[in-house]
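Working through the structure, step by step
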Amino acid sequence: MSFDVPDDRRYLESHEWATTGGEAVRVGVSDFAQDELGEVVFVELPEVGDEIAAGESFGVVESIKAVSDLYAPVSGEVVAVNEDLFDQPELVNEDPYGDGWMLEVAPADGGDAEGLLDADAYDDQIA
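An unreviewed UniProt entry lists the protein chain under the name Probable glycine cleavage system H protein, with Halorubrum xinjiangense given as the organism. In its Sequence similarities (unreviewed entry) section, UniProt records this for the protein chain: "Belongs to the GcvH family." The UniProt entry for the protein chain carries the following text under Function (unreviewed entry): "The glycine cleavage system catalyzes the degradation of glycine. The H protein shuttles the methylamine group of glycine from the P protein to the T protein."

Quick look at the structure:
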């Protein structure tokens, strides 16, 4: 099976993605992750103003198959949360790189996306 892996993002080995290059880093889960999870029924996310740390859990996604932690690709302050997911968690399945985004983070100094996988490396990991 082939999964969508946009090359305009960086990826964690735990299947979260991050956009880079803007002031805020948008974060979500990959197409592969949503497929492995199955139907997403609940998402727990931090609040705007919370600090998150790269590599640490920032929330939870619950599906009909499992409950999984979400890991931060960067350190910084949460500046936006996709509140649509609270009423429509299925957006994670339907559009993981678009309407299913989870949060935006203002990266802290040194909290950038160094060490994240590029699209080719991530695609190799999930192949």
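1. Digging into the side chain of glutamine 34
In this structure, glutamine 34 sits in helix α1 (residues 31-37). Apart from residues lying up to four places away in sequence, glutamine 34 is in contact with Val92, Asn93 and Pro96.

2. Brief notes about the sheet that holds strand β7 (residues 67-71)
Strand order across the open sheet formed by 3 strands is β4-β6-β7, with antiparallel pairing between neighbours. Lying at the two open borders of the sheet, with one neighbouring strand each, are β4 (40-44) and β7. Taken pair by pair, the neighbouring strands of this sheet meet at an average axis angle of 25°, ignoring direction. Direction of pairing for strand β6 (residues 57-63) relative to β7: antiparallel, over a ladder of 5 bridges. Paired with glutamate 62 across the strands is valine 67, a residue of β7.

3. Notes on the UniProt feature "modified residue: N6-lipoyllysine" (unreviewed entry) in the protein chain
Mapped onto the present numbering, the UniProt feature "modified residue: N6-lipoyllysine" (unreviewed entry) falls at Lys65. Along the chain, the position of lysine 65 falls in the loop between β6 and β7. The exposed category is assigned to lysine 65, whose relative accessible area is 58%.

4. Describing the pairing of strand β2 (residues 16-19)
Covered by surrounding structure in β2 are Glu16 and Ala18 together with Trp17 and Thr19, the residues of both alternating faces. The pairing of strand β1 (residues 9-11) with β2 spans 3 bridges and is antiparallel. Bridged to tyrosine 11 within β2 is tryptophan 17. Hairpin connection between β1 and β2: a loop of 4 residues separates the two successive antiparallel strands, and histidine 15 in this loop has a positive phi of roughly 85°. Looking at chain direction, β2 and strand β3 (residues 25-29) are connected through 3 bridges and run antiparallel. Note that in β3 the partner of alanine 18 across the bridge is valine 27. In this structure, the hairpin formed by β2 and β3 is closed by a connection of 5 residues, where glycine 21 is found at a positive phi of approximately 105°.

Each value, and the rule that gives it
- Every residue gets a number counted from 1 within its own chain, in the order that chain's sequence is written.
- Reporting of local features is limited, given that this is a predicted model, to residues whose pLDDT is at least 70; pairs of side-chain atoms are given and counted only at 80 or more, and all residues count toward the totals for whole chains, interfaces and linings.
- As a rule here, side-chain values cover all heavy atoms of the structure and leave hydrogens and water aside.
- UniProt positions are given in the numbering used here, feature names are shortened, and annotations may be inferred rather than shown by experiment.
- Here a strand is any run of E in DSSP of at least two residues, a helix any run of H or I of at least four, and the numbering for each starts at the N terminus.
- The contact criterion used throughout is that any non-hydrogen atoms of two residues lie within 4.5 Å.
- Two strands qualify as a pair provided DSSP detects at least 2 bridges between them.
- Only the contacting stretch of a helix is used when fitting its axis, a line to C-alpha atoms as for every element, and angles between N-to-C directions run 0 to 180 degrees.
- Between buried and exposed lies partly exposed: a residue is buried under 20% and exposed over 50% of the maximum accessible area for its type, with that area taken using a 1.4 Å probe on protein chains only.

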